[in-house]
Amino acid sequence: MVRNQRGPRALARMLATGTAGLAALAALAPGLANAALDMDLQPPVTPIAQQMYDLNVYIFWICVVIFCAVFGVMFYSIFKHRKSVGHKAVQFHENTTVEIVWTVIPFLILLGMAWPATKTILAMKDTSAPDITIKVTGYQWKWGYDYLQDGFGFYSNLSTPLAQIENREQKGPNYLLEVDHPMVVPIGAKVRLVITAGDVIHSWSVPAFGVKQDAIPGYVRDTWFKAEKLGTYRGQCSELCGKEHGFMPVVVEVKSKEDYAKWLADQKQKVAVAAEDPAKVWTEADLAAKGEKIYAANCVACHQATGKGVVGAFPALDGSKIVTGPADVQIALLLTGKTGTAMPSWKQLSDTDIAAVITYTRNSWGNHTGEAIQPAQIVAARKEH
Amino acid sequence: MSAIPHDHAVGQNEDHGHDDHGHHPTGIMRWITTTNHKDIGTLYLLFSLTMFFVGGCMALTIRAELFQPGLQIVHPEFFNSLTTLHGLIMIFGAIMPAAVGFANWQVPLMIGAPDMAFARMNNWSFWLLPPAAFMLILSFFVPGGAAAGGWTLYPPLSVQAGMGMDLTIFAVHIMGASSIMGSINIITTILNMRAPGMTLMKMPMFCWTWLITAYLLIAVMPVLAGSVTMLLTDRHFGTSFFNAAGGGDPVLFQHVFWFFGHPEVYIMILPSFGIISQIIPTFARKPLFGYASMVYAVASIAILSFIVWAHHMFTVGMPAAGLLFFMYATMLIAVPTGVKVFNWLATMWQGSMTFETPMLFAIGFLFLFTMGGFTGLVLALTPIDIQLQDTYYVVAHFHYVLVAGSLFAFFAGAYYWLPKWTGTMYNEKLGQWHFWASMIFFNITFFPMHFLGVAGMPRRIPDYAQQFADWNMVASVGAFGFGLSQLIFVIALVKCIRGDGAKAPAKPWEGADTLEWTLPSPVPYHTFETPPVVQ
């Protein structure tokens, strides 16, 4: 395990950093930060993140200076002006000059802090003239990315296996920070993100880009970044969005212009191939096989791989009246969700996907309805719901 | 706390002209029917201590889960309930009632009043709290579990939740009503019942801070009640205040909530400022430096608190003008806060200091609260806040100002006034142990959270990536140390209440000069029936 290899080294470093006070000072200093113990902002790869980073360093040192001045005075006083060394109290309790000085000086320091911060804010909010616009949609609990100019989109799910989370397998190096389909962007392009959500508020965040923008259902917000270094950058949903909030990472791959073009062509081709005709009639086996994948990506977190759910929190599908009863009821439930519970609407899935996952649940575990729910049924049901 | 000393010392040993035993029932009925500000103060403080341990156990469960990456102890949904209820219980159950408890005990004693202005309402405002706390805890056992959307209850997530959320909403309503009644009582008492000669500008600083806090409470508690009521009608009665599909706006809730929430931050810290402003002069044997500027600083902080709410929402996507306004306004708060810190330092300067437990906690407060102030300044700067919003940095920041700030000040106040309340000196050795253990473990717990935050670990997650593992382990160890350290306080407290310790003189602190120290220790059940005259 990565952690175990690092453990002794980390401990040695911690001890070497010495007393809590010294460690505190050294640790807060972005310049002195210790990479293995992660005490610093992630290395910036966009101009905005770089400005944020520099601002943080600048503010840090101002705080260090104030810290030393204020607590220098306090500790001097604590050691010199104590009864046990025979110090007699001097009974003053007012001094207008001093009071004006310590009101005005902090104010001036604040002006010195506000100036660079203001410049960054204005740059941060300038989303004009983007090269690419990507629509980001937060769902419970995954991200959807739509490349608006190129007419395709996909979902981005956590790809860390459940076995690692439940400590049955060794955790990988990118534990909880890996997805099946990352967002891909070209290097040096101004990427504008238009961000919204399908259910509750989420927040799309990549620290290395200096981007954190809440995704708000029913509203669209925008932000931008221009990545200047190739690589894979990771972040996490940063607004509590329910049970799996800790399990919906953001991964962005920054590729060279050529690699991006190749990826783009690939995606477009895939879309063309995968364009499924909702009128196509599927066999039950095909649907169930497809449905198993959909189930693993979307349903397993609550209803569990066993279909037994979690007692008291998430209902079992195995033997459920809804899953083994009339199909219409189950289709309606998936399309509209169930208010007052954690069951969201799944209408953003394709007709084929919904048909497949329903077919899978109706023919798995102890459920043997033998029914194959066809995409056409979903198309019909959508008109009603 | 006054119960035993009162029964023994006053009831049996001293024969007063009137026997106050005759005026109130004994046993449990005494506490249920009491209208005595000292009894009610005691009830508030004991209630708050109980809730502190309840909320603390939740925090320790959270830290146990976060000891290592992976899910070990609790399910994610239950984890979210724990973080939510830990926040609600600590804020509404521990910190706020403790502040009201101090006000009940100390405001009448410090201004020379016989009791609070509305004695029966005082009883009612306390006895609303236990049912509210009961509802909060009960919510863990209803279908769907306790509220799990964070103590901020943001919709639409809070609209999805089960009936635990409704219980939470009603509990918040009840606690809000209790706070408003308590505030009306404190304002009326302070404005009308001061001893002859005690002008407002001669009042002890603690009374000033509470007067201003009470106005803040009356201003914002109805706002909170309004916002959670809208949540309730969105949940059950088909309204769409916060639902975009029905023409509402989820972000509206955040604006309204934080219009309450930011003044709430000062509601929790201003009474602590007051306590510290009593303790530092006493142990420095010098008058408080810059009394008038302290009053103006508290008032400025209170007024500014109404125009900074959206700094909790820098990532919702505001226009640049909004970001700039809220950033500047927030930074401005550093000025009056700085004035307060400088005044305390100037009070210590050239004093003749001793370091009994109350003073240790006061200095601990000053040191750590200022650290929280620095991180507050960092967070005020929008570009850095974008990186740190909703990370552990924020968790570290508000625990520095709320635990090392408010809580440490309450411990300082408790050690300072326990001799007066119980008639028994607390055990100094236990007090010192409590302070140093709290101080060290507090920093082991919360200092590493700054690093986790800047490294990008989001808050409110039950499991985390590997690079956060080391600091989380350190923080968890510290948390258990901090939790256990608080048991020392319980021992010291029980010893005082049982009278196990040196008998406290009327004025155990050489440098103390407020009115309560003119009374005998333990303080009699009824005090200042004839008002003292203040020169």
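Residues numbered from 1 in each chain as written. Chains lettered and ligands numbered in written order. Predicted model: local features only at pLDDT ≥ 70, side-chain atom pairs only at ≥ 80, totals over all residues. Heavy atoms only, no water.

Student: I keep staring at the overall build of chain B and nothing clicks. Help me out?
Tutor: The number of helices and strands found in chain B is 18 helices and zero strands. Relative to the globule expectation of 24 Å for 535 residues, the C-alpha radius of gyration of chain B, 23 Å, shows essentially globular dimensions. C-alpha extents for chain B along the principal axes are approximately 70 × 50 × 45 Å. Averaging the coordinates of the 18 positive side-chain charges in chain B and doing the same for the 24 negative ones gives two points 7 Å apart. (Helix = DSSP H or I, 4+ residues; strand = E, 2+ residues; numbered from the N terminus. Rg over C-alpha atoms; globule rule 2.2 N^0.38 Å. Lys, Arg positive; Asp, Glu negative; His and termini not counted. Charge placed at Lys NZ, Arg CZ, Asp CG, Glu CD.)

Student: Can you walk me through the packing of helix α8 (residues 163-192) of chain B against helix α9 (residues 205-236) of chain B in this structure?
Tutor: In a packed pair of helices, the relevant descriptors are the angle between the two axes and the axis-to-axis distance. Residue and element names in this part refer to chain B. Axis separation between α8 and α9 bottoms out at 8 Å; the angle between their running directions is 155°. With respect to each other, α8 and α9 are oriented roughly antiparallel. The two elements α8 and α9 meet at a crossing, and its hand is left-handed. Among the residues forming the contact of α8 with α9, the class breakdown is 25 nonpolar, six polar and two charged. (Axes fitted to C-alpha atoms, helices over the stretch in contact; angles between N-to-C directions. Parallel < 35°, antiparallel > 145°, perpendicular 65-115°, else oblique. Left-handed = near helix turned anticlockwise from the far one by under 90°. Nonpolar A, V, L, I, M, F, W, Y, C, P; charged D, E, K, R; others polar.)

Student: Mind showing me how you'd approach a nonpolar patch on the surface here?
Tutor: A grouping of Ile100, Val104, Phe107, Leu108 and Leu111 of chain A together with Leu332 of chain B is seen on the molecular surface, where their side chains present a nonpolar patch of about 520 Å² in accessible area. No other element matches the five residues that helix α4 (residues 96-124) of chain A contributes to the nonpolar patch. Relative to the helices and strands, Leu111 of chain A resides in helix α4. Relative accessible area serves as the criterion here: at 48%, Leu111 of chain A is assigned to the partly exposed category. (Patch = residues over 30% accessible without salt bridge, like charges linked within 9 Å, V, L, I, M, F, W, Y side chains within 5 Å. Areas by Shrake-Rupley, 256 points an atom, 1.4 Å probe, with all protein chains shown as cover. Salt bridge = Lys/Arg side-chain N within 4 Å of Asp/Glu carboxyl O. Buried < 20%, exposed > 50% of the residue type's maximum accessible area, 1.4 Å probe, protein only.)

Student: Whenever I open this one, the environment of His399 of chain B confuses me. Can you help?
Tutor: All names here are of chain B. For His399, the location among the structural elements is in helix α16 (residues 392-422). As a C-alpha pair, His399 and Phe170 span 229 residues in sequence and 26 Å in three-dimensional space. Within the structure, His399 has its side chain in polar contact with the backbone oxygen of Val395 (distance 2.8 Å). (Polar contact = N/O pair within 3.5 Å; in protein donor to acceptor, adjacent residues only side chain to side chain.)

Student: Help me understand the nonpolar core in this model?
Tutor: Considering soluble globular proteins, one finds that nonpolar side chains tend to be buried as a cluster. All names here are of chain B. In terms of nonpolar packing, the biggest core is built from 234 residues, with Phe92, Trp344 and Met348 touching the most fellow members. Sort the elements by how many residues they give to this core and α16 lands first, with 22 residues. Other than its neighbours up to four places away in sequence, Trp344 contacts Phe273, Ile276, Ser277, Ile280, Leu288, Met294, Phe365 and Leu366. (Core = buried A, V, L, I, M, F, W, Y, C linked by side-chain atoms within 4.5 Å. Contact = heavy atoms within 4.5 Å.)

Student: For this particular structure, what's the right way to read the interface of chain A and chain B?
Tutor: A common way to report how large an interface is uses the accessible area buried once the components associate. Facing 95 residues of chain A, the contacting portion of chain B comprises 101 residues. In total, chain A and chain B occlude about 8600 Å² of area from one another, counting both sides; carbon and sulfur atoms represent 68% of this. One can count one salt bridge joining chain A with chain B. A salt bridge links Lys83 of chain A to Glu510 of chain B; the shortest N-O distance between them is 2.7 Å. Taken together, the connections running from chain A to chain B amount to 33 residue pairs in polar contact (both at pLDDT 80 or more). Secondary structure elements with two or more residues in the side of chain A that touches chain B: α1 (2-17), α2 (20-28), α3 (47-80), α4 and β7 (211-215) of chain A. Considering every element that reaches the side of chain A that touches chain B, the biggest residue donor is α3 of chain A, with 16 residues. (Buried area = accessible area lost by both parts, 1.4 Å probe.)

Student: So what exactly am I meant to see when it comes to unusual backbone geometry here?
Tutor: A negative phi holds for most residues other than glycine; trans holds for most peptide bonds. Here the bond from Gln140 of chain A into Trp141 of chain A is cis, since omega is 0°, no more than 30 degrees from zero. When you line up the elements, Trp141 of chain A lands in the loop between β1 (132-139) and β2 (142-147). Of note, the bond from Pro155 of chain B into Pro156 of chain B is cis; its omega dihedral lies within 30 degrees of zero at 0°. Positive phi, normally seen in glycine, also occurs at Asn167 of chain A, with a value near 65°. Here Asn167 of chain A lies in the loop between α5 (162-165) and β4 (183-186). On the basis of relative accessibility, which here comes to 35%, the residue Asn167 of chain A falls in the partly exposed class. The residue Arg285 of chain B is not glycine, and still its phi comes out positive at about 55°. Note on placement: Arg285 of chain B falls in the loop between α10 (250-284) and α11 (291-304).

Student: Explanation requested: α11 of chain B in the structure shown.
Tutor: Helical geometry note: an α-helix holds 3.6 residues per turn, so side chains three or four residues apart project in the same direction. If you check α11 of chain B, its first and last C-alpha atoms are 20 Å apart, about what 14 residues at 1.5 Å a residue would give, namely 20 Å. Of all the positions in α11 of chain B, only Tyr291, Ser293, Met294, Val295, Ala297, Val298, Ile301, Ala302 and Leu304 of chain B are classed as buried. Where the residues of α11 of chain B are buried, they touch α4 of chain A together with α9, α10, α12 (320-332) and α13 (334-348) of chain B. (Expected span 1.5 Å × (residues − 1).)

Student: Teacher, can you tell me more about the pattern of salt bridges here?
Tutor: Where charged atoms from two side chains of opposite charge come close, those side chains can pair. Taken as a whole, this structure holds 15 salt bridges over all chains when the rule is applied. Asp222 of chain A is paired through a salt bridge with Arg192 of chain A; the nearest N and O atoms lie 3.1 Å apart. Placement of the pair is Asp222 of chain A in strand β8 (residues 221-225) and Arg192 of chain A in strand β5 (residues 191-197), with a sequence separation of 30 residues. Taking the relative accessible area as the measure of exposure, Arg192 of chain A reaches 24% and is therefore partly exposed. Residue Glu244 of chain A pairs with Lys243 of chain A through a salt bridge whose shortest N-O separation is 2.5 Å. Since its relative accessible area comes to 7%, Lys243 of chain A is described here as buried. Each of Lys83 of chain A together with Arg285 and Glu510 of chain B takes part in one network of salt bridges that share partners.

Student: Please explain the packing of aromatic side chains as it appears in this structure.
Tutor: Both the distance between ring centres and the angle between the ring planes are used here to describe each pair of aromatic rings. Taken as a whole and assessed by the stated rule, the structure comprises 75 aromatic pairs over all chains. For the ring pair Phe126 of chain B and Trp127 of chain B, a centre distance of 4.9 Å and an interplane angle of 80° mean the geometry is edge-to-face. Judged by relative accessible area, which is 4%, Phe126 of chain B ranks as buried. If you follow Lys142 of chain A out to its NZ or CZ, it ends over the ring of Tyr155 of chain A, 5.6 Å from the centre. Looking at Lys286 of chain B, its charged tip hangs above the ring of Phe92 of chain A, at a distance of 3.6 Å from the centre. (Phe/Tyr/Trp six-rings, centres within 6.5 Å; stacked < 30°, edge-to-face > 60°. Lys NZ or Arg CZ within 6 Å of the ring centre and 35° of its normal.)

Student: In this structure, what is going on with helix α6 (residues 129-138) of chain B? I would like to understand it.
Tutor: Residue and element names in this part refer to chain B. Leu129, Ala132, Ala133, Met135 and Leu136 are the residues of α6 that are buried. The arc enclosing the buried residues of α6, seen along the axis, measures out at 155°, which places them on a common side. If you follow the buried residues of α6, they end up packed against α3 (37-65), α4 (76-111), α5 (119-127) and α8. (Arc of directions from axis to C-beta.)

Student: Which parts of the structure should I look at to understand the side chain of Ser352 of chain B?
Tutor: Mapped onto the elements of the fold, Ser352 of chain B is located in the loop between α13 and α14 (357-380). The contact partners of Ser352 of chain B, leaving out residues within four places of it in the chain, are His81, Arg82, Lys83, His87, Lys88 and Ala89 of chain A together with Phe283, Ala284 and Arg285 of chain B.

Student: Teacher, can you tell me more about the packing of α6 of chain B against α8 of chain B here?
Tutor: Residue and element names in this part refer to chain B. In contact at an axis separation of 9 Å, α6 and α8 are set at 160° when each is read in the N-to-C sense. On the basis of their axis angle, the class for α6 and α8 is roughly antiparallel. For α6 against α8, the interelement crossing comes out left-handed. Contacts between α6 and α8 involve Leu129, Ala132, Met135, Leu136 and Leu138 on the former and, on the latter, Leu167, Thr168, Phe170, Ala171, Ile174, Met175 and Ser178. Of the residues belonging to the contact of α6 with α8, the class tally is 10 nonpolar, two polar and no charged.

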